[in-house]
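Tertiary structure, described
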Amino acid sequence: MSVYEKLKALNIELPAVATPAAAYVMYAQAGNTVFLSGHLAKKDGKVWVGQLGRDIGTEDAKLAARAVAIDLIATLQAACGGDLTRVKRIVKLMSLVNSTGEFTEHHLVTNGASELIGEVFGDTGKHARSAFGVAQLPMGACVEIEMIAEIV
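Residues numbered from 1 in each chain as written. Predicted model: local features only at pLDDT ≥ 70, side-chain atom pairs only at ≥ 80, totals over all residues. Heavy atoms only, no water.

Within an unreviewed UniProt entry, the label attached to the protein reads Endoribonuclease L-PSP/chorismate mutase-like domain-containing protein, and the organism entered is Herbaspirillum robiniae.

1. Observations concerning the nonpolar core
Inclusion rule: Put simply, a nonpolar core is a bunch of buried Ala, Val, Leu, Ile, Met, Phe, Trp, Tyr and Cys residues held in one set by side-chain atoms that sit within 4.5 Å of each other. Under the scheme applied here, a residue whose accessible area is under 20% of the maximum for its type counts as buried, over 50% as exposed, and between as partly exposed, the area being computed with a 1.4 Å probe on protein chains only. By definition, any uninterrupted DSSP run of H or I lasting at least four residues is a helix, any uninterrupted run of E lasting at least two residues is a strand, and each is numbered from the N terminus. Note on contacts: a residue pair qualifies if any of its non-hydrogen atoms lie within 4.5 Å across the two residues.
Counting 40 residues, the largest nonpolar core has L76, L84 and F121 as the members making the most contacts within it. Of all the secondary structure elements, the ones that give two or more residues to this core are α1 (3-9), β2 (33-40), α2 (58-79), β5 (87-98), α3 (106-121) and β7 (143-151). Sorting elements by how many residues they give to this core places α2 first, with 11 residues. F121 has contacts with V3, K6, I73, L76, L84, V87 and I90, leaving out every residue within four places of it along the chain.

2. Points about the sheet that holds strand β6 (residues 128-134)
Our working rule: Should DSSP find at least two bridges between two strands, the strands are regarded as paired. Angular values range over 0 to 180 degrees, each being the angle between N-to-C directions of two axes fitted as lines to C-alpha atoms, with helices fitted over their stretch in contact.
The strand order across the open sheet built from 5 strands is β1-β2-β7-β5-β6, with neighbouring strands paired in mixed fashion. Looking at the sheet topology across the chains shown, the edges are occupied by β1 (27-30) and β6. On average, each strand axis in the sheet is tilted by 15° relative to the strand beside it, whichever way the strands run. Note that β1 and β2 share 4 bridges and pair antiparallel. Within the sheet, the bridge partner assigned to Q29 lies in β2 and is V34. Lying over the sheet, α2 contacts β1, β2, β5 and β7, oriented at roughly 35° with respect to β7. Along the sheet, α3 makes contact with β5, β6 and β7, crossing β5 at roughly 160°.

This is the structure:
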């Protein structure tokens, strides 16, 4: 099944690519490597605000990370000139989770993105990953994720 067939089977319609919130671009390419800027979790078109261990739980934050992955795929499609079949490999995800010092399930939150990437891209989506807890994210977002991909 193609990437587009998998997206359709998952009832995922890719959104328009977000506009940068500050002085950066949404992606930069060096050779065949594409670096996607951090994308903030959004819910109903607004930043998904919350801090893990205080006012949002792991399962909701996992859904937030999944939503970020959908936005990342949309940006990756733009970086590929509109053709996700050009993706050779998802190389790495880096996830930042807005959390209290006591929260320790950052890896479970980030699974929301990793699992979706795996579903959509199959073996091509198997990636290295880092998941960090941070004291705060821009605009109070609960999760921010960036991606590195190789394209042809």
